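The residues making up each chain are set out below.
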Amino acid sequence: MKLVFLDALTVGDIDLSGFNRFGEVEIYQTTNKDKTIEKLENADIVFTNKVVIDKEVIDNTNLKMIQILATGMNNVDLEYAKQKGIIVKNVAGYSTNSVAQLTFAMVLNIMNKINYFDEYTKKSYSQSEIFTHILDFYELNAKTWGIIGLGTIGKKVADIATSFGCNVVYYSTSGNNNDKKYKRVELDEVLASDIISIHSPLNEKTNNLLNKNNLNKIKKDAILINMGRGGIVNEKDLADIIDKKGFFAGFDVFTKEPISSDNPLLNIKNIVLTPHIAWASVEARKKLIELAYKNIEDFINGKYNAKTI
């Protein structure tokens, strides 16, 4: 059996040697679209994080299983793979703690003005006339935290926010979530919160969910965090509004990744940006590979209905 990793660079230096027990393993750090079919010659199982496996790739290879090294599955033509009898598996639940941690890292960095105080201490504190330096910052306690998308990650964030003393409300993007622990409200009420964090997938209901028609409802000094997907927030509209309204933002995801050099978010003053790393703690990446390994093991042991290898 031949197993091929198309974009192993996306999981960093996590050990992949355990997959050798299943057969021949080829590891490519990155793969351009025009090289995908060539690299999958004679492959039985492909591992992909973001490399697209579409109808053309499927028709020109002999794949029996596609293992997506992520939760999102939009880079694979799922319907066509099913028609061809190819098993497609993703990995879920591996990054909950990691994403929640970066959510709070961004919020606390903004609320406590860490970047400002760090720079002040290094440049000016030694000349201070008093032992401290007063610049207003506020506590999370008693603030309203509005969550867009109360799935596994959203619930984790809600629980942590509660431990800080926040009042948590949420908006169900699907309309089907009726979690009894937290109060479900409409989107406008979430946007009136002190902190707003996005943890929903990108789909027809969430695409361009926040735009010029509702971003202006976010109040001065509020914080908007996007840990979901870039297309959920209209980036141009946010760039046009955020500094005028005087609120803050933290984004880990973007409409195009890597971010375009002309992305308007790069010119915003009140924003913290990270390069889609929320999911990628060492522990999360190890768990991702462990769960992918279990999927391959189950496939080989006949747990999934697939073509015989």
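A short tour of the structure in this document, coming up. Keep in mind it's a predicted model, so treat the numbers as computed, not measured.

### Focus on the overall build of the chain
- What the chain contains, in helices and strands, is nine helices and 12 strands.
- In terms of principal-axis extent, the alpha carbons of the chain reach across some 70 × 45 × 35 Å.
- When each of the 309 residues of the chain is scored for burial, the buried share is 46%.
- Counted over contacts in the chain with a minimum sequence separation of 6, partners at least 24 positions apart contribute 58%.
- Just so you have it, the chain exposes about 16200 Å², and 49% of that area is on carbon and sulfur atoms.
- Averaging the locations of the 38 positively and 38 negatively charged side chains of the chain gives two centres separated by 4 Å.

### Overview of the packing of helix α4 (residues 96-111) against helix α6 (residues 152-163)
- Two elements in contact, α4 and α6, have axes whose closest approach is 9 Å; the angle formed by their N-to-C orientations is 50°. With respect to α6, the axis of α4 lies oblique. For the pair α4 and α6, the sense of crossing is right-handed. Within the contact between the two elements, α4 uses T96, N97, V99, A100, T103 and F104 and α6 uses T152, I153, K156, V157, I160 and A161.
- Of the residues that constitute the contact of α4 with α6, the class distribution is seven nonpolar, four polar and one charged.

### Thoughts on the environment of N267
- Along the chain, N267 falls in the loop between β11 (248-251) and β12 (271-273).
- Under the relative-accessibility criterion, N267 is labelled exposed at 67%.
- As a C-alpha pair, N267 and I289 span 22 residues in sequence and 36 Å in three-dimensional space.

### Examining the sheet that holds strand β3 (residues 45-48)
- Ordered in space as β2-β1-β3-β4-β5, the five strands form an open sheet in which the pairing is parallel. The sheet is open, and its two borders are formed by β2 (24-27) and β5 (87-89), each paired with just one other strand. Each adjacent strand pair in this sheet contributes to an overall mean axis angle of 15°, direction not counted.
- Bridge analysis of β3 against strand β4 (residues 65-68) gives four bridges, and the strand direction is parallel. Bridge pairing links T48 to I68 in β4.
- Running at roughly 165° to β4, helix α9 (residues 282-300) makes contact with β1 (2-5), β3, β4 and β5 of the sheet.

About the thresholds
- Residues numbered from 1 in each chain as written.
- Predicted model: local features only at pLDDT ≥ 70, side-chain atom pairs only at ≥ 80, totals over all residues.
- Heavy atoms only, no water.
- Helix = DSSP H or I, 4+ residues; strand = E, 2+ residues; numbered from the N terminus.
- Buried < 20%, exposed > 50% of the residue type's maximum accessible area, 1.4 Å probe, protein only.
- Contact = heavy atoms within 4.5 Å.
- Areas by Shrake-Rupley, 256 points an atom, 1.4 Å probe, with all protein chains shown as cover.
- Lys, Arg positive; Asp, Glu negative; His and termini not counted.
- Charge placed at Lys NZ, Arg CZ, Asp CG, Glu CD.
- Axes fitted to C-alpha atoms, helices over the stretch in contact; angles between N-to-C directions.
- Parallel < 35°, antiparallel > 145°, perpendicular 65-115°, else oblique.
- Left-handed = near helix turned anticlockwise from the far one by under 90°.
- Nonpolar A, V, L, I, M, F, W, Y, C, P; charged D, E, K, R; others polar.
- Pairing = 2+ DSSP bridges.

Just distances and angles here, no functional claims.
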